[in-house]
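These are the residues of each chain, in order.
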Amino acid sequence: PTDDFVSGRVSGEFSSFGSYDVSGVINTPIVPDAVYGSFSARKYHRGGRYTENNYGEEIGQQDSVNVAANILAKPWDGGTIRIRGSYDRDVDAHQ
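These notes cover the structure that comes with them. The model shown is predicted, which means the values in this text are computed figures rather than measured ones.

**Here's the deal with the pattern of salt bridges**
Applying the stated criterion across every chain yields a total of 2 salt bridges. With a shortest N-O distance of 2.8 Å, Arg-42 and Asp-21 are connected by a salt bridge. Of the two residues, Arg-42 is situated in strand β3 (residues 35-46) and Asp-21 in strand β2 (residues 19-31); the sequence distance between them amounts to 21 residues. The class of Arg-42 is partly exposed, set by a relative accessible area of 32%. One salt bridge connects Lys-43 with Asp-63, and the closest N-O pair in it is separated by 3.3 Å. Of the two residues, Lys-43 sits in strand β3 while Asp-63 sits in strand β6 (residues 62-73), which places them 20 residues apart along the sequence. The class for Asp-63 is buried, based on a relative accessible area of 16%.

Rendered as structure tokens:
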């Protein structure tokens, strides 16, 4: 992220068995000409095709959430500082 304007995108996909994949990203200056940020998120769900008789879970079901942030700082000419962080969570049912 190095532009002095806000940009981003959102996308989504939906399919059978209640499955979906939704994501988005936004890039924005935080302090003009000095600090920039990029923030993204994704939610994914794949529905199971069959129900397992003993536990009642859907076989093949998958869920995940991903969130990330990137910060770029330019405190002086030629100097850069990058900070990155992310969170991921996966929950998969019986395969």
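Back to the write-up after that little detour.
**Structural notes on the pairing of β3**
Successive residues of a regular strand alternate their side chains across the two faces of the sheet. Both β2 and β3 contribute to a ladder of 11 bridges, which runs antiparallel. By the bridge assignment, Val-31 is partnered in β3 with Val-35. Hairpin connection from β2 to β3: 3 residues lie between these consecutive antiparallel strands, with Asp-33 at a positive phi of about 65°.

**Remarks on the environment of Trp-76**
Counting through the fold element by element, Trp-76 comes out in the loop between β6 and β7 (81-92). Looking at Trp-76, the relative accessible area reads 55%, which means it is exposed. The spacing of Trp-76 and Ala-34 is 42 residues in sequence and 8.4 Å in space, taken between C-alpha atoms.

**Here we look at the sheet that holds β7**
Spatially, β1-β2-β3-β6-β7 is the arrangement adopted by the 5 strands of the open sheet, whose pairing is antiparallel. The open sheet is flanked by β1 (7-15) and β7, the only strands paired with a single partner. Between one strand and the next, the sheet's axes are offset by a mean angle of 5°, whatever the strand orientation. Bridge analysis of β6 against β7 gives 12 bridges, and the strand direction is antiparallel. For Ala-68, the partnering residue across the bridge sits in β7 and is Ser-86.

**With respect to a nonpolar patch on the surface**
A cluster of nonpolar side chains, namely Val-6, Ile-26, Ile-30, Val-31 and Phe-39, defines an oily patch on the protein surface of about 410 Å² accessible area. With 3 residues, the top contributor of residues to the nonpolar patch is β2. Along the chain, Phe-39 falls in strand β3.

Parameters and conventions
- Residues numbered from 1 in each chain as written.
- Predicted model: local features only at pLDDT ≥ 70, side-chain atom pairs only at ≥ 80, totals over all residues.
- Heavy atoms only, no water.
- Salt bridge = Lys/Arg side-chain N within 4 Å of Asp/Glu carboxyl O.
- Helix = DSSP H or I, 4+ residues; strand = E, 2+ residues; numbered from the N terminus.
- Buried < 20%, exposed > 50% of the residue type's maximum accessible area, 1.4 Å probe, protein only.
- Pairing = 2+ DSSP bridges.
- Axes fitted to C-alpha atoms, helices over the stretch in contact; angles between N-to-C directions.
- Patch = residues over 30% accessible without salt bridge, like charges linked within 9 Å, V, L, I, M, F, W, Y side chains within 5 Å.
- Areas by Shrake-Rupley, 256 points an atom, 1.4 Å probe, with all protein chains shown as cover.

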